[in-house]
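Read off the chains here:
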Amino acid sequence: MQYRIPIASGKGGVGKTLLSANLAISLAQQNKTVIVVDLDLGGSNLHTVLGIRNRHQGIGHFINRKAENIESLVVETAQERHFFIPGDGLLTGTANLPYWRKLALLKQLEELTADFVLLDLGSGTTFNTIDFFLTSEAGLIVTTPDTTAILNAYSFLKASMLRLLQRSFPGKSAERQAVLEFMEEKVEGQDRSIQTLVANLSAINHESGRTAEAALARFRPRVVMNMGRTAQDIRLGGRLRQVVRNNLQSDVEFIAYLPQDELASRSPLERSATLLTYPQSKYAVAIHNCARRVLNEPVPETPKLFPDNEDLKELAEDFSPPR
Ligand SMILES: Nc1ncnc2c1ncn2[C@@H]1O[C@H](COP(=O)(O)OP(=O)(O)OP(=O)(O)O)[C@@H](O)[C@H]1O
Ligand SMILES: [Mg+2]
């Protein structure tokens, strides 16, 4: 059984690639076989963060039919049990991924043999990124404490939920049309909450409303708060929780709080992974905590509610252990 963990963000530069690389290493150090895939097509740089030279064929070769499958593109890394599939650093121009190639690629990802397959995605809400994100109901969304990053994380979550609803109904169905109109904001002067959309779907067909609710309930992405400077910063996670509650009638769960760490930003420049070069750094310790949570609960179980932000408090305690 393969656990797939797509790693996405609304805003760019919030630390997805650094997280993908180091989380993969941590999981491998805990005896799991891990493949991390660079799916930031057009902006591939995972190899740099892993300290691997850009001379291997990657996903770009599969998209351009120069490689038959992606298993053949797997590269070994310095860490035992940790493997890597490069992006399109050698063959650029694949950012525009044709639909049929995307389907073939999704199928290939499913067929990889590993305990964990981590997907380092590009930032933003393009359909390609969202479709990779939706290959799992338990992806990670990375944000920083800054307001733009938090609002963009919210937008990413909303776009993913709408895309999920769209894909829950067959093409040309009245239900799909209703979702599309909602996405294009054609429905004017109406309450724009997701709840309204679900009610509209129920009005078309009661069963469709149930399908939509079930799809949304199963969708449990978790949030990583990165580059926090103080334990106080973590409170800002509560703002994301609130805006998601108010506008999406949904609840987000936080899985990790990673500190701003000079050693973390230094290691890519030194062309090596933080966990290998600075295993005692604050960043490395926080990554191990994150990996432990992923291992304990690769797929979050029943929807959880944290009315008093208990998960955030617990993460803050990890961040600044009592003296
Ligand atoms: N916790 C951290 N402490 C210090 N520096 C960090 C931390 N996390 C990430 N960085 C640095 O921030 C920069 C951006 O990180 P990274 O490339 O991982 O972001 P990204 O989300 O993948 O960006 P993009 O959207 O461009 O793909 C890098 O220089 C990285 O080393
Ligand atoms: Mg990146």
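For every chain, the first residue of the written sequence is number 1, and numbering continues from 1 onward in sequence order. The lettering of chains begins at A and the numbering of ligands begins at 1, in the order of writing. Predicted model: local features are reported for residues with pLDDT of at least 70 only, side-chain atom pairs are reported and counted for 80 or more only, and whole-chain, interface and lining totals are derived from all residues. With hydrogens and water stripped out, all remaining heavy atoms of the structure feed into the side-chain values.

A few points about the pattern of salt bridges
Put simply, the rule reads: In the sections that follow, a salt bridge refers to a side-chain nitrogen of Lys or Arg positioned within 4 Å of a carboxyl oxygen of Asp or Glu. Counting from the N terminus, the helices are DSSP H or I runs at least four residues long and the strands are E runs at least two residues long. Remark: exposure states derive from per-residue accessible area (1.4 Å probe, protein chains only) relative to the maximum for the residue type, with buried under 20%, exposed over 50%, and partly exposed in between.
If you walk through the whole model with that rule in mind, you get 11 salt bridges. A salt bridge links K11 to D146; its shortest N-O distance comes to 3.8 Å. With a gap of 135 residues between them, K11 in the loop between β1 (3–8) and α1 (16–29) and D146 in the loop between β6 (140–143) and α6 (147–167) connect regions that are remote in the sequence. Judged by its relative accessible area of 28%, K11 falls in the partly exposed class. The partner of E137 in a salt bridge is R218, and the shortest N-O contact between them spans 3.3 Å. One end of the pair, E137, is in the loop between α5 (127–133) and β6; the other, R218, is in helix α9 (residues 206–218), and 81 residues separate them in sequence. Residue classification places R218 among the partly exposed positions, given a relative accessible area of 48%. Ionic contacts of the salt-bridge type, sharing partners, join the residues K102, D131, R163 and R167 into one network.

Things to note about the sheet that holds strand β2 (residues 34–39)
Rules: What makes two strands pair is DSSP finding at least two bridges between them. A contact between two residues is defined here by any heavy atoms of the two lying within 4.5 Å. Angles shown run from 0 to 180 degrees and are taken between the N-to-C directions of axes, each axis being a line fitted to C-alpha atoms and, for helices, limited to the stretch in contact.
Taken in spatial order, the eight strands of this open sheet run β3-β4-β2-β5-β1-β6-β7-β8, and their pairing is mixed. In the strand order of this sheet, the two ends are held by β3 (75–76) and β8 (253–259), each with one partner. Bridge analysis of β1 against strand β5 (residues 116–121) gives five bridges, and the strand direction is parallel. Following the sheet pairing, Y3 is matched in β5 by F116. Docked against the sheet, helix α4 (residues 99–111) engages β1, β2 and β5, running at close to 165° with respect to β2. Sitting on the sheet, helix α10 (residues 236–248) is in contact with β7 (222–228) and β8, with an inclination near 150° to β8.

As for the side chain of D88
The criterion, for reference: Positive charges come from Lys and Arg alone, negative charges from Asp and Glu alone, with His and the N- and C-terminal ends not counted. Contacts described as polar in this section are N or O atom pairs within 3.5 Å, which, within protein, must combine one atom able to donate a hydrogen with one able to accept it, while residues neighboring in sequence count only if both atoms come from side chains.
Along the chain, D88 falls in the loop between β4 (82–85) and α4. Within the buried set, D88 has no salt-bridge partner at all; the shortest N-O distance to an opposite charge, 13 Å, is to R101. A polar contact is formed between the side chain of D88 and the backbone nitrogen of G42, at a distance of 3.1 Å. At 3.0 Å, the side chain of D88 and the side chain of S44 are in polar contact.

Structural notes on the nonpolar core
Quick reminder of the rule: Throughout, nonpolar core names a set of buried Ala, Val, Leu, Ile, Met, Phe, Trp, Tyr and Cys residues whose side chains join them through atoms within 4.5 Å.
Membership of the largest hydrophobic core comes to 60 residues, with the highest contact counts inside it found for V37, L39, I59, I70, L105 and L240. Element by element, the count of residues in this core is highest for α6, at nine residues. If we skip the residues at most four places from it in the chain, I70 touches I59, F62, I85, L105, Q108, L109 and L112.

Interpretation in functional terms is not warranted from these geometric data alone.
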